[in-house]
Amino acid sequence: DSRVGARLSRQSGHSLPTEPPSCAETVAMSLEAQLRMRQNVDQMHSAFRDLSAWSSDIEARDNALRGIAPQANDAASAEAAEAAAAEAESREIEEAKAELARLALEDERRSKAGGDAAAPASAAAAAAVTAPAKAAAGTRVGSGATNFDKWQSYDAEGAVEALERRESERESLRQRVVSLENKRAREEAMRRRGESEARADAMRARGNAAFGSARYEDAVSDYTEALEANPRSAALYANRSLALLKLRAFDEAEEDATAALDLEPSCVKARLRRAAARTELGKVDEAIEDLEAALEVEPRNKAAREALGSCRARRASREAARRSKRRVALSVAEVEHDLDNDGHPFVAAACARPRHDGSAEAAGGAEAAGGAEAAGGA
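Residues numbered from 1 in each chain as written. Predicted model: local features only at pLDDT ≥ 70, side-chain atom pairs only at ≥ 80, totals over all residues. Heavy atoms only, no water.

Colleague: Is there a simple way to explain the environment of Ala270 in this structure?
Modeller: Residue placement: Ala270 occurs in helix 10 (residues 268–280). For the pair Ala270 and Ala294, spaced 24 residues apart in sequence, the C-alpha separation works out to 9.0 Å. Residues in contact with Ala270, not counting those within four places in the same chain, are Ala238, Ala257, Ala260 and Leu261. (Helix = DSSP H or I, 4+ residues; strand = E, 2+ residues; numbered from the N terminus. Contact = heavy atoms within 4.5 Å.)

Written out as structure tokens, the structure reads:
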């Protein structure tokens, strides 16, 4: 460019022709001018923000000393400040990208011109090779001394330093863009997470109010909506498990309590609610395991102690009932037939056989068709 030309002219003592800027040079100069304007505007905005922040801080301290409560629009001011900071970061990213584009255009222009370091050498070599042809054609060619002077006046170290400086600037800009974009992504993720948690807290409070009013279906619905906003909350799963217990949905209550324990294994409330669901489902042994685990975390938990005693009593009653239903083997002793007892009413009733018409037929006595032998041994 013109500055490099002036530098070479001063070093070599020869004047170099000034050429009009190319399209790439014009674009690069325009981008540079825009970048400087944006930097000036940003500096002005930054100074104004610093002044406003200082003024707000002084006012807040003065109000605190006077005992004046903060105004209701502090939240709005904080949101406006966050929005301004986000806008400044976006503008800074765009400026860094514009600077990278300008440097890329400069590199493209330099590559088209043959490069910083190779341009004088290639020009001298071309002049030495084509000198006879140009002389034959009548073209004026510089002498060898002139080309040697150009070689001598070329600052190779300065060109290398400029190249390294441009590369360092470009790398610094790349790192700056990446850092700013990562920061903006993290802040956006934090903002979304904060909004989700706030929404989940609001739905949880509404679910608690519905549960307190014995509207258990509404409580389950509110807790479900809260879990959609914050699916990693063990407390929400434990709360919905309790509401499902009230609705006698024991399988679903056990599943929610298990989900809460997967997220937070030390959650005593989830242990108690899963134990209650398992007790109702007949899983007494598993319920006892949950209650014992809850007491390991909170040894003085009264509800866990009472539930554990009830479950153990229930298990003991079940085992006792199981033992009482066992069959007892009886032995039957044979006795000789006593004909004198055949006419006894008890023997006659015991030996009576039902007939097809529902009446009873006596098996023993003189009225039996088969005689006394048909009655069998009593």
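Colleague: When you look at the pattern of salt bridges in this model, what are you seeing that I'm missing?
Modeller: Any two side chains of opposite charge can pair, given that their charged atoms come close. If you walk through the whole model with that rule in mind, you get 17 salt bridges. As a salt-bridge pair, Glu254 and Arg278 come within 3.0 Å of each other at their nearest N and O atoms. Within this pair, whereas Glu254 is found in helix 9 (residues 250–263), its partner Arg278 is found in helix 10, the two being separated by 24 residues in sequence. Residues Glu254 and Arg278 agree in their burial class; the two are buried. Between Arg278 and Glu286 there is a salt bridge; the shortest N-O distance is 3.5 Å. On the accessibility criterion, Arg278 (12% relative accessible area) is buried. Each member of the salt-bridge network shares a partner with another, and the members are Glu254, Arg271, Arg274, Arg278, Lys283, Glu286 and Asp290. (Salt bridge = Lys/Arg side-chain N within 4 Å of Asp/Glu carboxyl O. Buried < 20%, exposed > 50% of the residue type's maximum accessible area, 1.4 Å probe, protein only.)

Colleague: Can you help me understand the nonpolar core in this one?
Modeller: For soluble globular proteins, the rule of thumb is that nonpolar side chains tend to be buried together. Ranked by internal contacts, the top residues of the largest apolar core, which has 24 residues, are Ala260 and Ala270. Looking at which element gives the most residues to this core, the answer is helix 8 (residues 234–246), with seven residues. Core analysis: the next-biggest nonpolar cluster, separate from the first, contains nine residues, Ala275, Val284, Ala287 and Ala304 among them. (Core = buried A, V, L, I, M, F, W, Y, C linked by side-chain atoms within 4.5 Å.)

Colleague: What's the story with helix 9 in this structure? I'm lost.
Modeller: Here helix 9 contains 14 residues, and its C-alpha end-to-end distance of 20 Å stays within 8% of the 20 Å for a straight helix at 1.5 Å per residue. Those residues of helix 9 that fall on the buried side of the exposure criterion are Phe250, Ala253, Glu254, Asp256, Ala257, Ala260 and Leu261. Relative to the axis of helix 9, the buried residues are bounded by an arc of 165 degrees and lie together on one face. Among the exposed residues of helix 9, those oriented more than 90 degrees off its buried face are Glu255 and Asp262. The inward-facing, buried residues of helix 9 contact helix 8, helix 10 and helix 11 (284–297). (Expected span 1.5 Å × (residues − 1). Arc of directions from axis to C-beta.)

Colleague: Teacher, can you tell me more about the packing of helix 8 against helix 10 here?
Modeller: Helix packing geometry: the angle between the two helix axes and the distance between the axes. Relative orientation of the contacting elements helix 8 and helix 10 amounts to 25 degrees, with a least axis distance of 9 Å. With respect to each other, helix 8 and helix 10 are oriented roughly parallel. Here the hand of the crossing between helix 8 and helix 10 comes out left-handed. From helix 8, Ala238, Asn239, Ser241, Leu242 and Leu245 reach across to helix 10, where they touch Ala270, Arg273, Ala276 and Ala277. When its residues are assigned to classes, the contact of helix 8 with helix 10 shows six nonpolar, two polar and one charged. (Axes fitted to C-alpha atoms, helices over the stretch in contact; angles between N-to-C directions. Parallel < 35°, antiparallel > 145°, perpendicular 65-115°, else oblique. Left-handed = near helix turned anticlockwise from the far one by under 90°. Nonpolar A, V, L, I, M, F, W, Y, C, P; charged D, E, K, R; others polar.)

Colleague: Any chance you could explain the packing of helix 8 against helix 9 here in plain terms?
Modeller: Direction vectors running N to C along helix 8 and helix 9 enclose 165 degrees, while the axes themselves pass 8 Å from each other. Here helix 9 runs roughly antiparallel to helix 8, going by the angle between their axes. As for the relative orientation of helix 8 and helix 9, their crossing is left-handed in sense. Here Ala234, Tyr237, Ala238, Arg240, Ser241, Leu244 and Leu245 of helix 8 come into contact with helix 9, specifically with Phe250, Glu252, Ala253, Asp256, Ala257, Ala259, Ala260 and Leu263. Classifying every residue of the contact of helix 8 with helix 9 by side-chain character gives 11 nonpolar, one polar and three charged.

In short, the description is geometric, and any link to function would need to be established separately.
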